[in-house]
Amino acid sequence: MSYKNIFLFVFVLSINTSFGQVPVVIGQKQVVHSNILNEERTYQIYLPASYHWALDRRYPVLYVLDGESNFSHTVGSVSFLSSRGEISELIVVAITSMVRIRDFTQTDWSSHWVGGGGANNFKSFLSNELIPTIERDYRTNSFRILSGHSAGGQFVLYTLTSEPSLFNAYFAVSPSLNWDNNLPQRSLEESFKHTDSLKAFLYFAWSDDLGQALADDQKLLETLETKSPKGFRWVGKGLPDETHMSIPLLAQIDALRQLYTGYRLHNELLNKGFGFAEKHFQKASEEVGYTIPVPEEVINNLGYEELNKGNTQAAIVLFKRNIKQNPNSANAFDGIADAYEKADMWNEAIVSSEKAVELAKKYNDPNLSHLIEHMKTMKDRSKLKSEKRDKP
């Protein structure tokens, strides 16, 4: 597989300013040539907010089918949920569709549709070309999620049954279960018969289905309830207020939350300290399926929890831990500056605040103006403190 070209993908939103319009860029669009499919394929990629400064950090990857319609809302959901501590940060790779019936169906059901049966080739493209490229070019941690809707959801189930180790988590949103006389459900049941244990996660959702479509949903749900192998974690949920076309937004948000069950550390638990937080994320790691360290923002909040309780030295220890774990974080240096100020260690406070501004400038931190103002205010307070001390 070779690169044809690379160019920026710009979200349609623009910000009006006195100088004109500033485009909001949420990712890149890349065009590659697939030797397996013998065609050029396009995918869009989003990198998390911390990717450019957390240089030692590696990220899970969410692969999304039908990228032309699912990229922007997926990026919005992932960015929002991760910034609120609901899930970890993710890289998003959204693959643009070309011939959906060909790529997403496992058989040629010629009596109903023409041109099906290319799912195995498309899966080979993912496993042998696209995924190795993403894992070579970006800092991934090898935890992979596959999300698909409708025929894409059918492909998700096909991959789960034919090569379950290719991804660690699967989101099948309103999948086309009627294909070839319910082949998706029958294949899953047959696969489970020959699988003693399976370390994977499946989220399956259906919309306002009625009649035979609802019966197909219930049949798949029954298979999951009665045939699932040991270690297989799954969630099946109906969203009857959604249509087949509207369900991807809410279902994918719910799928991410279900995958990261137990991830969020409630603010009320911060007073239990770092040891509790460490155990919390160890448990979350076991549930999700990869090692999740205590996030930077959580350590930062723990530091301020100690600071607010008057435990200044304990706060400094936590902020130092955060800096060691996240040496390029402007936020971590800004936090320890506050702790040093509380400890009346003004030189250290100013040096730390200056470091926060330096890092914010280097990595284009959106909070740069706040950090500059904080630094100026801290220097002014230090000057006043010094003048009071020197006053006879």
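**Comments concerning the overall build of the protein chain**
Argument step 1. Looking only at helices and strands, the protein chain has 13 helices and 9 strands in total.
Argument step 2. Viewed in the frame of its principal axes, the protein chain has a C-alpha envelope of about 100 × 45 × 35 Å.
Argument step 3. Here the protein chain holds 392 residues, and 51% of them are scored as buried.
Argument step 4. Long-range pairs, those at least 24 residues apart, make up 67% of the contacts in the protein chain between residues at least 6 apart in sequence.
Argument step 5. Per element, the accessible surface of the protein chain, about 19,200 Å² overall, is 51% carbon and sulfur.
Argument step 6. On the protein chain, the mean spot of the 41 positive side-chain charges and the mean spot of the 46 negative ones are 6 Å from each other.

**Quick notes on the pairing of strand 6 (residues 140-149)**
Argument step 1. Within strand 6, 8 of the 10 residues are buried, leaving the element largely enclosed by the surrounding structure.
Argument step 2. Here strand 4 (residues 59-64) pairs with strand 6 via 5 bridges, running parallel. Residue pairing for strand 6: Tyr59 is matched across the bridge by Thr140.
Argument step 3. Two strands pair when backbone bridges link them, and strand 6 and strand 7 (residues 169-173) are joined in this way by 5 bridges, in the parallel orientation. Residue pairing for strand 7: Gly148 is matched across the bridge by Ala172.
Argument step 4. On the question of chirality, the crossover connecting strand 6 to the parallel strand 7 by way of helix 4 (residues 151-162) is right-handed.

**Considerations on the confidence of the model for the protein chain**
Argument step 1. With 93% of its residues at a pLDDT of 70 or more, the protein chain has an overall mean of 92.
Argument step 2. Low pLDDT, under 50, characterises residues 1-18; the predicted model gives this stretch 56 contacts beyond four residues in sequence or across chains.

**Section: the pairing of strand 8 (residues 201-206)**
Argument step 1. Extensive coverage of strand 8 is indicated by the burial of 6 of its 6 residues.
Argument step 2. Judged by which residues are buried, strand 8 turns out to be covered on both faces: Phe201, Tyr203 and Ala205 on one side and Leu202, Phe204 and Trp206 on the other are all buried.
Argument step 3. As defined by bridge partners, strand 7 adjoins strand 8 across 5 bridges and the pair is classed as parallel. Within strand 8, the position partnered with Ala169 by the bridge is Phe201.
Argument step 4. In this fold, strand 7 hands off to helix 5 (residues 179-193), which returns the chain to strand 8; that crossover is right-handed.

**Some words on the nonpolar core**
Argument step 1. Formed by 69 residues in total, the largest nonpolar core has its most connected members in Tyr63, Val93, Phe122, Leu126, Leu130, Ile134 and Phe155.
Argument step 2. Setting aside chain neighbours within four positions, we find Leu126 in contact with Ile95, Ile131, Pro132, Phe155 and Phe167.
Argument step 3. With 43 residues, the next largest nonpolar core counts Ile26, Tyr46, Ala205 and Phe274 among its residues.

**Some words on the pattern of salt bridges**
Argument step 1. Per the stated rule, a full pass over the model turns up 18 salt bridges.
Argument step 2. For Arg264, the salt bridge is made with Glu86, and the minimal N-O distance between the two is 3.4 Å. You can see Arg264 sitting in the loop between helix 7 (247-259) and helix 8 (273-288) and its partner Glu86 sitting in the loop between helix 1 (67-83) and strand 5 (91-95), a full 178 residues away along the chain.
Argument step 3. A cluster of three or more residues bridged by salt bridges with shared partners is formed by Glu39, Arg41, Arg102 and Asp103.

**Brief notes about unusual backbone geometry**
Argument step 1. Phi is positive for Ser174, close to 45 degrees, though the residue is something other than glycine.
Argument step 2. You can see Ser174 is positioned in the loop between strand 7 and helix 5.
Argument step 3. Phi at Asn182 is positive, roughly 65 degrees, even though this residue is not glycine.
Argument step 4. Mapped onto the elements, Asn182 comes out in helix 5.

**Some words on helix 9 (residues 296-308)**
At 3.6 residues per turn, the α-helix brings residues three or four places apart onto the same side.
Argument step 1. For helix 9, spanning 13 residues, the distance from its first C-alpha to its last is 18 Å, which sits close to the expected 18 Å at 1.5 Å a residue.
Argument step 2. Along helix 9, the residues that are buried comprise Glu296, Val298, Ile299, Asn300, Leu302, Gly303, Glu306 and Leu307.
Argument step 3. For helix 9, the elements touching its buried residues are helix 8, helix 10 (312-325) and helix 11 (330-342).

**Thoughts on the environment of Ile95**
Argument step 1. Mapped onto the secondary structure, Ile95 falls in strand 5.
Argument step 2. Taking relative accessible area as the criterion, Ile95 reaches 2% and is therefore assigned buried.
Argument step 3. A sequence separation of 31 residues divides Ile95 from Val64, and the C-alpha atoms of the two residues are 6.2 Å apart.
Argument step 4. Aside from chain neighbours lying at most four places away, what touches Ile95 is Arg41, Thr42, Tyr43, Val64, Leu65, Asp66, Gly67, Glu68, Phe122, Leu126 and Leu130.

**Some points on the packing of aromatic side chains**
Argument step 1. The final tally for this structure, using the stated rule, is 17 aromatic pairs.
Argument step 2. Aromatic side chains Phe122 and Phe125 sit 5.8 Å apart centroid to centroid with 45 degrees between the ring planes, which places their arrangement in the tilted category. With Phe122 and Phe125 both in helix 3 (residues 119-137) and 3 residues apart, this pair spans about one turn of that helix. Summarising the burial analysis for this pair, Phe122 and Phe125 share the class buried.

Reading guide: rules and limits
Residues numbered from 1 in each chain as written. Predicted model: local features only at pLDDT ≥ 70, side-chain atom pairs only at ≥ 80, totals over all residues. Heavy atoms only, no water. Helix = DSSP H or I, 4+ residues; strand = E, 2+ residues; numbered from the N terminus. Buried < 20%, exposed > 50% of the residue type's maximum accessible area, 1.4 Å probe, protein only. Contact = heavy atoms within 4.5 Å. Areas by Shrake-Rupley, 256 points an atom, 1.4 Å probe, with all protein chains shown as cover. Lys, Arg positive; Asp, Glu negative; His and termini not counted. Charge placed at Lys NZ, Arg CZ, Asp CG, Glu CD. Pairing = 2+ DSSP bridges. Right-handed = clockwise from strand over helix to strand, strands pointing away. pLDDT = per-residue confidence, 0-100. Core = buried A, V, L, I, M, F, W, Y, C linked by side-chain atoms within 4.5 Å. Salt bridge = Lys/Arg side-chain N within 4 Å of Asp/Glu carboxyl O. Expected span 1.5 Å × (residues − 1). Phe/Tyr/Trp six-rings, centres within 6.5 Å; stacked < 30°, edge-to-face > 60°.

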